[in-house]
Amino acid sequence: MTITYDDFDKVDLRAGTIVKAEINVKAKKSAYKIWVDFVETIGIKQTSAQVTYHYTPESLIGKSVIGCLNLGARNIAGFMSEFLLVGFSDPRGNIILATTDQTVPNGQKLH
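Conventions we followed
Residues numbered from 1 in each chain as written. Predicted model: local features only at pLDDT ≥ 70, side-chain atom pairs only at ≥ 80, totals over all residues. Heavy atoms only, no water. Helix = DSSP H or I, 4+ residues; strand = E, 2+ residues; numbered from the N terminus. Rg over C-alpha atoms; globule rule 2.2 N^0.38 Å. Buried < 20%, exposed > 50% of the residue type's maximum accessible area, 1.4 Å probe, protein only. Contact = heavy atoms within 4.5 Å. Areas by Shrake-Rupley, 256 points an atom, 1.4 Å probe, with all protein chains shown as cover. Lys, Arg positive; Asp, Glu negative; His and termini not counted. Charge placed at Lys NZ, Arg CZ, Asp CG, Glu CD. Phe/Tyr/Trp six-rings, centres within 6.5 Å; stacked < 30°, edge-to-face > 60°. Pairing = 2+ DSSP bridges. Patch = residues over 30% accessible without salt bridge, like charges linked within 9 Å, V, L, I, M, F, W, Y side chains within 5 Å. Salt bridge = Lys/Arg side-chain N within 4 Å of Asp/Glu carboxyl O. UniProt positions renumbered as here; feature names shortened; annotations may be inferred.

Per an unreviewed UniProt entry, the recorded name for the protein chain is tRNA-binding protein, and the organism is Candidatus Odyssella acanthamoebae.

Structure (structure tokens):
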């Protein structure tokens, strides 16, 4: 399916830095609660993500990541997920986070 540039411009993908991560003990599938700083004007947003295969909570702190901020909030195992942390699947279906290869300001929109 082809979309227009206007359609793509509606997707709010932004860079942020993980500031806190912990096990989401109520999740049915292994997941972490993750807090990401997107910049003062956006603030720190939280999400639940199934990234436990490749990462520990400690290894996530300080990692620059990409999040989709305009999908709307979802309640995941009693935890309000405010954005979607994006990534790719490895051959076994485990998620590898999408990151930046150089430092960019938190909150910067992906173009």
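And the narrative resumes.
Caption draft 1: Region of interest: the overall build of the protein chain. From N to C terminus, the protein chain includes two helices and nine strands. N-terminal to C-terminal, the α/β element order of the protein chain is α-β-β-β-α-β-β-β-β-β-β. A globule of 111 residues ought to have a C-alpha radius of gyration of about 13 Å, and the protein chain, at 14 Å, matches this closely. Expressed along its principal axes, the backbone C-alpha trace of the protein chain runs to roughly 40 × 35 × 30 Å. When each of the 111 residues of the protein chain is scored for burial, the buried share is 33%. Long-range contacts, defined here as pairs at least 24 residues apart, represent 57% of the contacts in the protein chain between residues at least 6 apart. Approximately 7,300 Å² of the protein chain is accessible, and the part contributed by carbon and sulfur atoms is 53%. Across the protein chain, the centroid of the 12 positively charged side chains sits 10 Å from that of the 11 negatively charged ones.

Caption draft 2: Main features of the packing of aromatic side chains. This structure, assessed with the given rule, holds two aromatic pairs. Both rings, one in Trp 35 and one in Phe 79, keep their centres 5.6 Å apart while their planes meet at 80°; by these two values the pair is edge-to-face. Taken as a pair, Trp 35 in strand S2 (residues 32–37) and Phe 79 in strand S6 (residues 79–81) lie far apart in primary sequence, 44 residues in all. Given the relative accessible area of 14%, Trp 35 is considered buried.

Caption draft 3: Here's a closer look at the pairing of strand S4 (residues 64–68). Of all five residues in S4, four are buried, a share of seventy percent or more. Alignment of strand S1 (residues 13–23) against S4, held across five bridges, turns out to be antiparallel. Residue pairing across strands places Leu 13 opposite Cys 68, the latter belonging to S4. Of the strand pairs in this sheet, S4 and strand S7 (residues 84–85) are connected by two bridges, and their pairing is antiparallel. Within S7, the position partnered with Cys 68 by the bridge is Leu 84.

Caption draft 4: Quick look at a nonpolar patch on the surface. Together, Met 1, Ile 3, Phe 8 and Leu 110 make up a nonpolar patch on the protein surface, roughly 480 Å² of accessible area in all. By the element assignment, Met 1 lies in the segment before helix H1 (5–9).

Caption draft 5: Examining the UniProt feature "domain: TRNA-binding" (unreviewed entry) in the protein chain more closely. Residues annotated by UniProt as "domain: TRNA-binding" (unreviewed entry) correspond here to residues 7–111. Span residues 7–111 is 7% helix and 40% strand, its end C-alpha atoms 13 Å apart.

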